[in-house]
Amino acid sequence: TDSGRGWKLIGTTGKTSYVDKKLLPAFGYGYRVRAVCQTGAVLRSGAYSKRVNVLTRPAVPGNRSIKAITRAGKKTKAEFTCKASARASGYEICQYNQRTKQYQPSYRIQGTKVYIYRKADKRYQKIGKVRKSGGKITGTLTKINLKQYKKQYFKVRAYVDKSGYSRQYSKFSGRIILK
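A quick note: this is a predicted structure, and the numbers were derived from the prediction, not measured.

Cut-offs applied
Residues numbered from 1 in each chain as written. Predicted model: local features only at pLDDT ≥ 70, side-chain atom pairs only at ≥ 80, totals over all residues. Heavy atoms only, no water. Helix = DSSP H or I, 4+ residues; strand = E, 2+ residues; numbered from the N terminus. Rg over C-alpha atoms; globule rule 2.2 N^0.38 Å. Buried < 20%, exposed > 50% of the residue type's maximum accessible area, 1.4 Å probe, protein only. Contact = heavy atoms within 4.5 Å. Areas by Shrake-Rupley, 256 points an atom, 1.4 Å probe, with all protein chains shown as cover. Lys, Arg positive; Asp, Glu negative; His and termini not counted. Charge placed at Lys NZ, Arg CZ, Asp CG, Glu CD. Pairing = 2+ DSSP bridges. Salt bridge = Lys/Arg side-chain N within 4 Å of Asp/Glu carboxyl O.

**Some words on the overall build of the protein chain**
And then number 1: Within the protein chain one finds zero helices and 14 strands.
And then number 2: Starting at the N terminus and ending at the C terminus, the protein chain contains elements arranged as β-β-β-β-β-β-β-β-β-β-β-β-β-β.
And then number 3: Over its C-alpha atoms the protein chain spans a radius of gyration of 22 Å, topping by over 25% the 16 Å that the globule rule assigns to 179 residues.
And then number 4: With 179 residues in all, the protein chain has 30% of them scored as buried.
And then number 5: Within the protein chain, counting contacts between residues at least 6 apart in sequence, those at least 24 apart form 54% of the total.
And then number 6: When the accessible surface of the protein chain is split by element, carbon and sulfur atoms take 49% of a total near 12100 Å².
And then number 7: Across the protein chain, 43 positive and 6 negative side-chain charges occur, with their mean positions spaced 5 Å apart.

In structure tokens:
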């Protein structure tokens, strides 16, 4: 594990695959394997493989909601709230595009900041700060056009970044409706 406590035998198998089911969400693990052969009372072992790092997915953010704050012109603000996922590095909020019929990245919450996704240069731009209280995070989302469609649909997923591992995303939440 990423706690640095050393190696621990987690199982043996006669197959070429093994599923480790006792993992914590958003936690880094290192694995190595070796072949063994037992003939009678003699057990022979091969060398260990190189270490393989695996980062588990964070939990899906719970208790999600999104509420309109203002509806002045085309620039509308909404307040997004969700229960914080344990050990998550941030959250990606995707908005449903009526034209393409797909959810597309729209916002990111990372640390204490809220970012909006700019399609033109495929980058995120800081637009505000996040409030954290009682295990919940709250951020203001800007530039939502409620005049175009009566309802807007969003989904959110948590992600975890850890040095030496590939970024991992949780599954997407259920649909969140902004009316």
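Continuing now.
**Thoughts on the environment of Ile-177**
And then number 1: Its place among the elements puts Ile-177 in strand β14 (residues 176-178).
And then number 2: Note on Ile-177: relative accessible area 33%, which makes it partly exposed.
And then number 3: For the pair formed by Ile-177 and Gln-95, sequence separation is 82 residues and the distance between their alpha carbons is 10.0 Å.
And then number 4: In this structure, Ile-177 is in contact with Ile-66, Lys-151, Gln-152 and Tyr-153, ignoring residues within four places of it in sequence.

**Some details on the pairing of strand β11 (residues 136-144)**
And then number 1: Examined bridge by bridge, strand β10 (residues 123-133) and β11 share four bridges and lie antiparallel to one another. From the neighbouring strand, Val-130 faces β11, where its bridge partner is Gly-139.

**A look at the pattern of salt bridges**
And then number 1: All chains considered together, the criterion is met by four salt bridges.
And then number 2: Between Glu-92 and Arg-157 there is a salt bridge, with the nearest N and O atoms lying 2.8 Å from each other. Taken as a pair, Glu-92 in strand β7 (residues 90-97) and Arg-157 in strand β12 (residues 152-160) lie far apart in primary sequence, 65 residues in all.
And then number 3: For Arg-157, a relative accessible area of 18% corresponds to the buried category.
And then number 4: Notably, a salt bridge pairs Asp-161 with Arg-167, separated by 2.7 Å at the nearest N-O pair.

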